[in-house]
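# A structural walkthrough
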Amino acid sequence: MNTQNPATRPQPLSITTGDFNGDGIPDIAIGTTGSATGYLSILPGNGDGTFKSASTFTALPNNQAMVAAPFVTGGPLDILTVSSNATGTNNVALFTGNGAGSGTVGAPFSLGGLSAVTSVAAGDFNHDGNQDFVVTGVIYGVYCFAPVLGTGKGTFGGPTLNAIGSNPVQVAVGAFGKSGYPDIVVADMGADTATIFENNGQGYFSPAGQANTGKNPSAMVAGDFNGDGYLDLAVVNGGSHDVSIFFGKGNYTLTPGTTVATGARPTSIAVGDFNEDGIADLAVVNSAGKSVSILLGKGDGTFTVGPALATGINPVNVVTGDFSGSGPADLVVTNQDIANTPRSTLTVLAAELTDAATATATGVAAFGAGAHLVDASYEGDSLYDTSVSTTTSLTGVANPAASPVFSPAGGNIAAGQEVTLTDATKGAVLYYTANGTKPTTSSTRYTGAITVSASETIEAVAIAARYSNSEIVIQKYVIAAPLPVFKPAGGTYSSAEDVTVTDTTKGASSITRPTGRRRRQDRRNTLELSLWQSRKPSRRSPRQTELRTAG
């Protein structure tokens, strides 16, 4: 991932994301903490993983947590920020956005005496189309979570207090039942539990499923981690340095799944698809480890521990979003170095996809036998940077040269026939023999047509640079005597005929077995046959003579 550190006001603590200026690019909002004055800063995204200069507004002295939602129904995104002060007065403020990256921070208001607020989440709890919110805190020494119903005009009713456990520090919202109403999940650091509170559809909640977590649960996020269509829960355990995965079944229960180790003292968690495989992954901030652990989902509720990415000092919170426009989710982390305010920064980690690929090259002739050092390079595209593979050693085996081709092919030929040799391998040299030995570079080199005057066997081989020798091709040529010629040709004749048999081969003789008599005639190797029918012809048909010849 690429790392950047955009400037903010000192001591960034809480963080949320959304499109606050309506340009379709995700932005971030940062809440700072301070002894007297706190600030809310909005950093518009450029769409390439960088951000414009922040627009800053005076907010609560201690912006412990914040959430973005359209609290004015039908309007752009607003930001609700809460303070963890111990007085229980004026510990909530609403930033009403104007849709252009700016807005107004309203007057702080109280939550009926609820103090030490640690977390906030939003949802439409009573199904009236208006955004509501829920917080965790303490009132009169009693730990509780408190839903607050919105009017849709940027104002809110009073909190409904629900006592719970011994130290609820984190709250999440999601539909864990089949009703579809947003339920509330509370992580209790003192009891080491996570509890689902079922929504009755009117904004009232009752305890349902509960699960034991690791030690000191400090953050959580909902998502479908095993692909069954039901919300699951990932809980960060700051005391045991791990993440507990719980599977939902759509019935308000949490079934324990796997536990995944993280870095030291994890404090925050977010869900996103970091490798663009369509499966939910997790990013966990490790406060003491000054890093973010990437847990890559497998789609079955288990995770592969990926790289630990460096952050600033004392990272606290993390959000995800496609800030670079590349597709996979990027990260933004708040770093709160209390001991050295100038080192309190944001860390932007823009995702870069990496992948292992195998390339296959075909039709490439070996440069030669032996060892060759090979590597591959990739020029990059809109998603991937340029890269070069590691070097590997390959042992090359030279391909054989193409086999020589004889024209004409072996067989019966006339004396004096010319035979040509060709080869498809560029630059190949042909060698041949006609004495029964195997051709080598010491044999006769083919330079032109071979005249075959007598029956013989020719063997040829092709030899070329960077190729092994071709197979040896053997062709046998036989000088065959021409067939005798009969005149007239065989057939049925009405009278006796004289037949001559001739042959052009010197010294050839003919053997015949005619019906009738034969006599030798002159010295030209010509045999003259006179054949006739000895039986009287039938009165019913003209006389015919059958001429038959046998060689």
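Note that the structure is a prediction, hence the values are computed from the model and not measured. (Residues numbered from 1 in each chain as written. Predicted model: local features only at pLDDT ≥ 70, side-chain atom pairs only at ≥ 80, totals over all residues. Heavy atoms only, no water.)

### Let's talk about the overall build of the chain
The condition is simple: Labels follow the DSSP assignment, with helices taken as runs of H or I lasting at least four residues and strands as runs of E lasting at least two, numbered in each case from the N terminus. Buried, partly exposed and exposed residues are distinguished by accessible area as a fraction of the type maximum, computed with a 1.4 Å probe on protein chains only: under 20%, between the cut-offs, and over 50%, respectively. Contact criterion: two residues are considered in contact whenever any of their non-hydrogen atoms come within 4.5 Å of each other. Computed by Shrake-Rupley with a 1.4 Å probe, the accessible areas treat only the displayed protein chains as cover when residues are assessed.
Each helix and strand counted, the chain has 0 helices and 47 strands in total. Buried positions account for 43% of the 551 residues belonging to the chain. For the chain, contacts bridging at least 24 residues in sequence account for 45% of all contacts bridging at least 6. Of the accessible surface of the chain, which amounts to about 26900 Å², a share of 50% is contributed by carbon and sulfur atoms.

### So, the sheet that holds strand β16 (residues 183-188)
This is how it is decided: For two strands to be treated as a pair, DSSP must find at least two bridges joining them. Only the stretch in contact is used when a helix axis is fitted, and all axes are lines through C-alpha atoms; the angle between N-to-C directions ranges over 0 to 180 degrees.
Pairing is antiparallel in the open sheet, where 4 strands are placed in the order β15-β16-β17-β18. In the strand order of this sheet, the two ends are held by β15 (168-174) and β18 (205-212), each with one partner. The average undirected angle you get between the axes of adjacent strands in this sheet is 25°.

### Quick look at the nonpolar core
To be explicit about the condition: In this text, buried Ala, Val, Leu, Ile, Met, Phe, Trp, Tyr and Cys residues form a nonpolar core when linked through side-chain atoms within 4.5 Å.
Core analysis: the largest hydrophobic core is formed by 19 residues, its most contacted members being F71, L80, L111, V120, F133 and V135. Counting residues per element, the ones that place at least two in this core are β6 (65-69), β7 (78-82), β8 (92-97), β10 (115-123), β11 (132-139) and β12 (142-150). Excluding its chain neighbours within four sequence positions, the residues that come into contact with L111 are N91, V92, V117, F133, V135, V148 and P159.

### Focus: unusual backbone geometry
Along the chain, S407 connects to P408 via a cis peptide bond; the corresponding omega equals 0°. As for its position among the elements, P408 is in the loop between β34 (405-407) and β35 (411-413). In this structure, the amide linkage connecting K487 to the following residue, P488, adopts the cis form with an omega of -5°. Summarising the element assignment, P488 is placed in the loop between β42 (485-487) and β43 (491-493). Notably, D192 is not glycine yet its phi reads approximately 55°, a positive angle. Mapped onto the fold, D192 is located in the loop between β16 and β17 (193-199).

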